[in-house]
Every structure is written in structure tokens, then in C-alpha cells.
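Structural characterization, general
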Amino acid sequence: MLGIVVLLDAAAVVALVVQGRRDSMSAARAQSRSVAETFAHAPGVAAALDSKDPTAVLQPRAEDIRKSTGVEFVIAAGTNGIRYTHPDIALIGKEIPGPYKDALDGEPVTRTVSASRGKAVVSAVPVPRRDGTVAGLVAVGIKAEAVNRLAYPSIPLTVGAGVAALALTTVGAALVSRRLSRQTRGLGPAEMTRMYEHHDAVLHAVREGVLIIGADHRLLLANDEARRLLDLPADAEGRAVTDLGLASGTAELLASGQVATDELRPAGDRLLAVNLRPTEERGGQPGMVATLRDTTELRALTGRAETVREQLTLLYRAGALIGTTLDVTTTAQELADVAAPGFADCVTVDLADAVLRGGEPRPPTGDTLELRRTAVRTATEDHPLLPAGNVVGYRPTTAEGLGSAAGHTWIVSDLATSRQWREAEPDLADRLLRHGYHSLLSVPLRARGVILGIANFWRAQNEEPFDLDDLSFAEELVARAAVSVDNARRYTREHEMAVTLQRSLLPRGLPEQNALDVAYRYLPAQAGVGGDWFDVIPLSGARVALVVGDVVGHGLHAAATMGRLRTTVLNFSTLDLAPDELLGHLDELVVRMDQDEESGGGAITGATCLYAIYDAVSGRCTVARAGHPGPALVLPDGTVSFPEIPAGLPLGIGGMPFEMTELDVPEGSRLVLYTDGLVERRDRDIDDGLELLRRSLADRDRTPEETCDDVLEAMLPSRPGDDVALLVARTRTLDPSRRVQWDVPPDPAAVAGIRKQAMRWLSDRGLDEEGFVTELILSELVTNAIRYGSEPITVRLLYDKALTCEVSDCSSTSPHLRYATTTDEGGRGLFLVAQFAERWGARYTDRGKVIWSEQALGGSPPAGLF
């Protein structure tokens, strides 16, 4: 054995040496030809050969190429074979030996020849002219000794490698011999043969199938039990396991090469437990050993356990997925989504209309129970069942109707043989059967003894009909869903009540006034009603109050608190209070509300509010806020700013006064008031919200209605999580020709002059019919100011939607309306004013007070008032 190895090693060394020399010779031939072709086709070579002295031109170039490339010689010769260049100058002018004429025919030639400098590898290449004729040739040679020198360095390495391989082979053979002896425990051939005969007898005697599969997925060995269980052919060994006619799942598992433990696979009418383990883990050849056990008797039990497991899993999913929202329609759809396609191929849920509205369902008044299809889930889009939204009539003659009337589940295991089901609606029955529906479960949704609707489960692709076990599972599933539907129904009822209350407490429209062009939007929160509100309140003297507020929390309590605060603000506004004073009074009210709720064990009320008064005469706006976001001011040129207004504490904190800020608002500007739900969200910081609001308001002149739409589209792409109130008001100013003002001397005789000036001013504006009443009101108000007030005294007339008469002085004493007795000399002036004027009142200023009255005009103000 060792001698054979030595011979093989020596032969390999010789072959490597010969191959090395052959490769060196091939490299020399390629190099000589490459240099010759490069020189032959170089520019100017053909012209030099045709010149009078080719040697003078070509000899230096040839020597440079010879030295740079390392070849033995570079010869340029004419068509007659006479050399023009040569390293040995003595040979220039002599004829080239060898078959150079083949190169002159136009084809390069490479051969091994005996040259003047010894045996060499020579390549001769023709030198072409531009017209295609041959001007001469170029011959490049490399000496054979140089070629052999290329192969000499590899010979010692090759011989050394051969000796090393021989040594390693000898050592390996010794180690293998020792390992085999150790693994066989010193047994000889006879002992090994007897041992394998015993192993073979045991392998075929066990009552468990054994397969040994090679790394190429071919069957190497199968015992008798494996052949019986798999019904293998006689020539199975040596064939691929995928070609043995096994079930696809079984063949794929055996050919997968993966570790498996008790994997159940079919084999004919048997169910086999397959175990797979790699054979190489114990030092064997790469492959797999498979053991097979017949578990056919456990098949039915296993299938039943799997069904129970799936149903328990489905009930667990139902508990997590049904009732995630308090919406009746969503809950019904969740029931359908959970049951299909796992338990049934199609599920429909039909509910009474009263349930969808949040009410209690009533017993049917006729022969048909009408329900509305609320949810549908099918495995395929093509189905004959009515879609969601349609009314479905359940008659007692139908299977579903019998179930709904009796209040229990109705099961139809085979629709094709159910005469009662087919006769009720033949056309629908035929369509269902054509689509493959073969079994039905109809389960009433019942909560607190009341049937809310019916859930129908249909099977088509699933060939197993519904049985009693499925009936119990469906009842449990629907019972859980019915509780969620009933909770959603009651929430819907309470939500509708809260929404109705909230809508009744919010403004139903905007009052008529000319100072502002106003638009508003109110978006309730997705979770329920809240406490946001807004108001537009006309005041005396062409002034309008804008209010936006927010009560903390959601639900009926927040809505009711909002209504109380809104009513309070409306009442306080009739007193013509400044914004800071009004918020102070409102804060005191909220503190008292908190105290009352604390004593009753209720929650503490919290609220914010912003109150602004715009004066159309002066074009100024006074603003105060209690913990509420400040307004945005959009100037006519599109510039957006958020004026600095002291925030103040939220309402109900108490103890701190509120500060008022006065703003110059040019005509055509837009005041934007809003609640925090517009700019603040859980996933967005309020600064980012304000910047987004700024961008949505800037750069374009829009009407208030357009502004509201653009802001909501930019800020709230989906339904908000908090209430949002948005109020946009474009400012106007009263035309100077519609107002007039006079200073009144503190002399009763001046009253007549004021009356004359007022009558003249009214006459110029076509208000002669208002002259008598205005003259009477001015006489009383100016006389009272002269008699009881202090200087300076001023009279102002405003021609707006109504005619307003204002008399101001620097006294803080306010007149009171009373009934004068028959013996009283005075006290009837304000009574007359109240009788002739539509409204009258008093408001306080920094310098005193203003007594005002409004007279309704006979018609609308003429166009161009603002």
C-alpha cells in the first residue's frame, strides 16, 4: 500500500515539473508574439522600412524595446529577409535564417528555432502599410535557456511538496489503522461479521419503523416495519425519498434534513409519528435516521383535542378583540371578524334598529321580526347574502326565525336536506346552495333576558357541518359579544343624551351685528361630549364680545358646568363689564361651585376662559384670559401674530386678579379664538401646534368661513381626541359719517343747543322720524348729567343697526329707574327713556360712566354702513 502511495507521489511530482516547463514555454511564446506585434504596428515602423536608411531609425527603437521587455533580440527586416536591426551589429545587413517568408504572407509565425544567439522562441510578424501591403517583418526572440529558468524555481518546491505529502500519507495511514482498531475494540473480521448479523436481526424485529436516509436524500436502509407502514416498493433502497410514492407532507419531512420530534404525518389510512435525527452526531456518515410509530388510534382523539384548543384560542381572542370600543356597529363587526374564517366561512350579525340608536328593542308587532344587517364577514367577496345596512326579515317559518322566536340557537347541519329552510325563501336558498353553503348556526344575541339581534354562522369551504359541540361554542361566543353590544348600546344612549344636552347649551346661531364678520366650528371629542363653548355677544356702542371657554373633563358633568358658565358670562355681559372684571366675577362663581361640589363629594370643577371686546368705533380690542390659550391676530397683509396677553390663573383657583390687554386691530384683520384641543395633542407639543396654526392662517386673504375650513383641515386630519371650538372674526369699523360727538357745557341752557345739533345730524342722514324720540332721550340724559354728574360731559350718537345715544361724564354715580309718585317733581326722566328706547343701560369707564340708549330703526341701515 505504501509503495503505491510512493509511486503516485513521484508521478505527481514529475507531472508538475513537466507542466511547469510547458506553462513557461507558453508564456514565452505569448510574450514574444505580443512584443513583435506591438513593434510591427507602432507608428512610423512601416515608413522607416521604406526609407533610405531603415537601420538609423529602427535600431535605437528596437534596442529600447529589447531592454525594456527583457527579450533576447528584436529584429526588423525587409521583405527580402535582410536584417535592419540586431543586438549584434555585425549581423545587420545579413539575411534572417528560418521560415520568415510565412510571416511575409500576412500571418504571424511563432516557432522554436536555432538563432545566431542560440536556441530561441521566435515570433515573426508582418509590418503592414496603410494600403494593406507588407513593408517588412519584425522578429522577436526569447532564448530557451531563459524559458527553462522560469521553471527551475518551482522544481524544489514541487519535490518538497511531494515528500511532505508522502510523509503525511504515511502518518495518516498509521492513525487511521489505530482508530479502526480502537473503534472495533480489537475485533477481527469474523467477530465484526457476527456482530452486524445480530444488529440486522434486531433492526428488522422491532415493531417500529426505521429508515436511514443519506445526505443526498436517498433511502439507504428500511426495516420490515417501515416497509409495512409506508407500503414501500421492493426496490425502495437507493431511490430518493420523494420518489417512493409517499404522501407529500411525509416525503417533504423525510427529505427536509431537519430534526423532528413526533411530527404527525399521514401515510395512506394511517397517521404516523415521525422522529428525525442526524446520523453524523454519533460519528456516522452525513444523513438522517427516521423512526416511525403508528398512531392511527390516537387520530380521532388528537383531532378532537385540536378542535377544542382552537375553540379555546378563539374564545380568548374574542375576549381581547370584541368590545374594544363602545360603538354598537364596531362591536358587531368585531364579532364577525373573530368568528370568520376560523369558526365559520361567513358570519352575519343583524341587530334591531332600536339597539343601533341606543334604545331597548321592542317585541315584533307583526309576523316578521325586522332586523338591520350590521356586520358581514365572508371568506370570499362573492356571496349571495345581503350586505350591511339592509333590513332582514325573520319569519317564524324560517330556521333563523324559529331560533329568534324561541330565544335559543337553531342549527341546520345540512341545508340541502332541510325542507323547512328551503321552502321559506326558495330563491335565496338556491343561491346559497349554489355558492356552496351547506350548514348554518343561528344564535340570538341576548343580554339581560332581551334579544338584541341574531348572529348567523355559515359554512361553505369547511366541509364539516356544524354539530352540537359547535353549537355550545357559538352560544358562548355570542353570549360574550352580546354583553359588549349591550354595553355599547347603553353607552350610545347616554352619549346621545349628553350630546343633546351639549347642543342645547351651545349657541344655535350667531346674533346680528355689524362690527364683526364671524364664523365658527365646534367639533366634539371622539371619546364623548366635553365642556368647550364659545359666544358672540353684541354690546352697546357698536361693540361685540367674543368668548371662548373650556371646562376640564368630558361627559354630562362637564357639559352641565359649561352651560352654567356660559349663562353666567351672558348675564355678566349685560352689565357692560370690562374683560378683567368679568373674569373676576366668573372666577368667584367657579370657586363657589367648587365649594358646593366638595361638600357634596363631587369632583372639583376646573375651567379656562378668554373674553374679548371689540369696539367698531375705535378699532381696538380689549382682551383678558384665565388660563386659556391666547388669540391669533391675522393682519390684512396675511401676517400672523400671537399677542402677548397675561395668562392669568384658570377659573376656580381664586385670589389673583386678571390683567387686561388692549390691542390695535386694523380693519379687515381676523381675530382667531380657539380651545387647546386645536393646538395640543398627546403626540404633538403645543409649540408645534401653534406653529402649524400660524402656517395655516398666513399668506392668503380668506373669509372667516374659509379660514375655519383651512385651519381644521391642516390641524385636525382625523376626529379629535378633545373638543375643539374655533371662532374666527373679521373686523370692521364704523364709518366716521355714522358717528358724531359733542362736548356739553355744564349749563342747563346748553341742552337746547344739543337737541338742535342732534336734529340737524339726524335730518342729514334721513332719520327725521327718529327725531322726536331722540330729542326727548337726549334732553333727559343730558339734563341728568349736568345736574348730577361732573365735567367733562360728552354726547355721542352712533348710527348702526340701531340709533345709539350716549351721554358720558366723570361721575361714578349711576341713575336708577323708579316709579315717581303724583306729588314728586322729578324721577320720571329715566322712566320715559326706558319706555321710548328699545334698550338702555350704563357702563363704567376709567374716567366715569356712560349712560346709553338704543332706538330701533324703521328699516335696515343703508348699504355702506361699514
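Rules used throughout
- Residues numbered from 1 in each chain as written.
- Predicted model: local features only at pLDDT ≥ 70, side-chain atom pairs only at ≥ 80, totals over all residues.
- Heavy atoms only, no water.
- Helix = DSSP H or I, 4+ residues; strand = E, 2+ residues; numbered from the N terminus.
- Contact = heavy atoms within 4.5 Å.
- Areas by Shrake-Rupley, 256 points an atom, 1.4 Å probe, with all protein chains shown as cover.
- pLDDT = per-residue confidence, 0-100.
- Pairing = 2+ DSSP bridges.
- Axes fitted to C-alpha atoms, helices over the stretch in contact; angles between N-to-C directions.
- Buried < 20%, exposed > 50% of the residue type's maximum accessible area, 1.4 Å probe, protein only.
- Patch = residues over 30% accessible without salt bridge, like charges linked within 9 Å, V, L, I, M, F, W, Y side chains within 5 Å.
- Salt bridge = Lys/Arg side-chain N within 4 Å of Asp/Glu carboxyl O.
- Lys, Arg positive; Asp, Glu negative; His and termini not counted.
- Charge placed at Lys NZ, Arg CZ, Asp CG, Glu CD.
- Phe/Tyr/Trp six-rings, centres within 6.5 Å; stacked < 30°, edge-to-face > 60°.
- Lys NZ or Arg CZ within 6 Å of the ring centre and 35° of its normal.

1. A word on the overall build of the protein
Across its full length, the protein carries 23 helices and 30 strands. Of all intrachain contacts in the protein linking residues separated by at least 6 positions in sequence, the fraction that spans at least 24 positions is 60%. In the structure as shown, the protein presents an accessible area of about 44400 Å², 53% of it carried by carbon and sulfur atoms.

2. What to know about the confidence of the model for the protein
Predicted coordinates in regions of low pLDDT should not be interpreted in detail. Looking at the protein, pLDDT values average 78 and 78% of them are 70 or higher. No element of the protein has a lower mean pLDDT than helix α13 (residues 399–406), which averages 44, and none a higher one than strand β24 (residues 670–674), which averages 95. Predicted confidence for residues 396–406 stays below pLDDT 50, and this span has 29 contacts to residues more than four positions away or in other chains.

3. A look at the sheet that holds strand β16 (residues 516–523)
Ordered in space as β16-β25-β24-β21-β22, the five strands form an open sheet in which the pairing is antiparallel. Two strands lie at the open edges of the sheet, namely β16 and β22 (640–641), each paired on one side alone. As judged from the three bridges shared by strand β21 (residues 632–634) and β24, these two strands associate in the antiparallel manner. If you follow Val634 over to β24, its bridge partner there is Arg670. Packing against the sheet, helix α20 (residues 704–715) makes contact with β16, β24 and β25 (724–731), and its axis sits at approximately 30° to β16.

4. Some remarks on the pairing of strand β19 (residues 607–615)
Of all nine residues making up β19, nine are buried, and the element is well covered by its neighbours. Neither face of β19 is open: one carries Ala607, Cys609, Tyr611, Ile613 and Asp615, the other Thr608, Leu610, Ala612 and Tyr614, and all of them are buried. Examined bridge by bridge, strand β18 (residues 543–554) and β19 share nine bridges and lie antiparallel to one another. Each bridged residue has a counterpart across the sheet, and for Val551 the counterpart in β19 is Ala607.

5. Remarks on the sheet that holds strand β5 (residues 209–214)
Ordered in space as β6-β5-β9-β8-β7, the five strands form an open sheet in which the pairing is antiparallel. Every other strand in the sheet has two partners, leaving β6 (219–222) and β7 (260–267) as the edge strands with one partner each. The average undirected angle you get between the axes of adjacent strands in this sheet is 25°. Direction of pairing for β5 relative to β6: antiparallel, over a ladder of three bridges. Paired with Ile213 across the strands is Leu219, a residue of β6. Against the sheet, helix α9 (residues 248–256) contacts β5, β7, β8 (270–278) and β9 (287–294), and its axis sits at roughly 150° relative to β7.

6. A look at a negative patch on the surface
Together, Glu680, Asp685, Asp687 and Asp688 make up a region of like negative charge exposed at the surface. Here Asp685 is to be found in the loop between β24 and α19 (686–697).

7. A closer look at the pairing of strand β30 (residues 848–856)
Of all nine residues making up β30, eight are buried, and the element is well covered by its neighbours. Pairing geometry for strand β28 (residues 802–809) and β30, over eight bridges, is antiparallel. The residue of β30 that forms the bridge with Ala802 is Ala856. Where strand β29 (residues 839–845) meets β30, seven bridges bridge the pair, whose relative direction is antiparallel. Among the inter-strand pairings, Gly841 is bridged to a residue of β30, identified as Trp852. Counted between consecutive antiparallel strands, the loop separating β29 from β30 contains two residues.

8. Remarks on the packing of aromatic side chains
Taken as a whole and assessed by the stated rule, the structure comprises five aromatic pairs. Aromatic side chains Phe343 and Phe466 sit 5.5 Å apart centroid to centroid with 45° between the ring planes, which places their arrangement in the tilted category. Pair noted here: Phe343 is in the loop between α11 (328–339) and β10 (346–351) and Phe466 is in the loop between β15 (450–459) and α16 (468–505), with a separation of 123 residues, a long-range link. One aromatic cluster in this structure is built from Phe343, Phe457, Phe466 and Phe473. Across from the ring centre of Phe343, 5.4 Å away, lies the NZ or CZ of Arg459, which sits over that ring.

9. Considering a nonpolar patch on the surface
A cluster of nonpolar residues, Leu649, Ile653 and Met656, forms a patch on the protein surface that exposes about 300 Å² of accessible area. Positionally, Leu649 belongs in the loop between β22 and β23 (661–664).

10. A word on unusual backbone geometry
Between Glu791 and the following residue, Pro792, the backbone shows a cis peptide bond with an omega angle of -5°. You will see that Ala542, though not glycine, has its phi angle at about 55°, which is positive. Its place among the elements puts Ala542 in the loop between β17 (530–539) and β18. Even without being glycine, Asp576 reaches a positive phi, approximately 55°. Within the secondary structure, Asp576 sits in the loop between α17 (556–573) and α18 (579–599).

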